[in-house]
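Fold and geometry: a report
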Amino acid sequence: MTLREVIAQAEQRAQLLSQKHGELQYVVATSKGWSCSDLLLRLDQPAETGTQAFVEHAAQQLADGYPAEYLTGYAAFCDIVVRVREGVLVPRPETENLVQMAGDFIIEQDRPSPIALDLCSGSGAIALALAARLPQVAVVGLELDAVSVSCSRESALDVGLSERVRFIQGNVLAAWSLALADFRSRTDVIVSNPPYVREQRLLPAHESSPLEPVRALYGGVSGMVFYRRIIAQARDWLRPGGLLLLEIDDGMERGILDLCERYGLQGGRWLPDLRGLPRYAEARRAE
Ligand code: GLN
């Protein structure tokens, strides 16, 4: 059988939805170390032994809701690739903007040895992509989940950034002075994409990717649990003029900007994602 026939048969047996066919091709190409164009060139050649079993298994896993990134073990994010596996949230494309915004701020400020904190760092994608973009910055990621912390440390080694990017296992909802004492009043940018899905939206979010950790998504009934803590503490951890940058969900922008004001941060504003929905919020500590 040709590779094309093997793939078509696997798609059919697993009843893989047509919108996931591209993911199957991506998983097959990656498992063989091919680019997607290498795959296209090989589609009409006979499939190698063992390929059929692999393709059928992958098709079944995708049909069961596994993200393609769990099958390859890697996710592309900004200019880097990070490790992911079951238990670790796959970084989303809209989160790349946080790296852009944090990087732009650091460049514009042009201060020596800037420090960034990534709270709820998950796979470590934000922290690592920021350090990859800016050779002068040191980044610390704080993450509760042990599997995510291991994954992010492995990625730091993969991309050669383990000297400048450190991941600490700890709870952003607990006392920061334990895990983050060294950074009080010294941080140039606090960036965070915490769990923010509110109760009402949790079921659809979970159903669209049932194997990803709910704990990485759920932000309490209102979705605000993590923001409350982060915003309340941010001023004490930022240096004067430092920036807090958050990924948010639409409908939360007013509540978040009010909290920023209440906790002494200035210039709060939200920014939209590509669909025009409020997706990012920022505020600063006064100079
Ligand atoms: N945007 C993510 C999702 O819907 C949610 C990420 C988060 O809670 N931080 O899957």
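Residues numbered from 1 in each chain as written. Predicted model: local features only at pLDDT ≥ 70, side-chain atom pairs only at ≥ 80, totals over all residues. Heavy atoms only, no water.

The name given to the protein in an unreviewed UniProt entry is peptide chain release factor N(5)-glutamine methyltransferase, with the source organism recorded as Candidatus Cryosericum odellii.

**Structural notes on the sheet that holds strand β3 (residues 115-119)**
What counts here: Any two strands between which DSSP finds at least two bridges are classified as paired. Only DSSP runs of H or I covering at least 4 residues are called helices, and only runs of E covering at least 2 are called strands; the numbering of each starts at the N terminus. What counts as an axis is a line fitted to C-alpha atoms, over the stretch in contact for a helix, and the angles between N-to-C directions run from 0 to 180 degrees. Residues are treated as being in contact if the distance between any of their heavy atoms lies within 4.5 Å.
The seven strands are arranged β5-β4-β3-β6-β7-β9-β8 in an open sheet whose pairing can be described as mixed. This sheet does not close on itself; its edge strands, each paired only once, are β5 (165-169) and β8 (265-272). Strand-to-strand twist of the sheet, defined as the mean angle between neighbouring strand axes without regard to direction, takes the value 15 degrees. Alignment of β3 against strand β6 (residues 187-192), held across four bridges, turns out to be parallel. Considered in β6, the bridge of Leu117 is made with Ile190. Sheet strands touched by helix α7 (residues 125-133): β3, β4 (138-143), β5 and β6. Its angle to β5, the strand with the most contacts, is close to 165 degrees.

**Regarding the site of the ligand**
Keep this limit in mind: The near set for a molecule or strand comprises every residue that places at least one heavy atom within 4 Å of it. For the purposes of these results, a polar contact is taken to be a pair of N or O atoms within 3.5 Å, where, inside protein, one atom must be able to donate a hydrogen and its partner to accept one; residues adjacent in sequence count only when each atom of the pair is a side-chain atom. Residue exposure ignores everything except the shown protein chains as possible cover, and the areas themselves are Shrake-Rupley values with a 1.4 Å probe. Lys, Arg, Asp and Glu make up the charged group, whereas Ala, Val, Leu, Ile, Met, Phe, Trp, Tyr, Cys and Pro make up the nonpolar group; the residues left over, Gly among them, are polar.
Around the ligand, the structure places Arg92, Glu94, Asn193, Pro194, Pro195, Tyr196, Val197, Ala216 and Leu217. Between the ligand and Arg92 there is a distance of 2.7 Å, counted from an oxygen atom to a side-chain nitrogen or oxygen. Between Pro194 and the ligand, the recorded distance is 2.6 Å, taken from a backbone N or O atom to a nitrogen atom. For the ligand, whose unbound accessible area comes to 300 Å², protein coverage reaches 86%. For the shell around the ligand, the class distribution of residues is six nonpolar, one polar and two charged.

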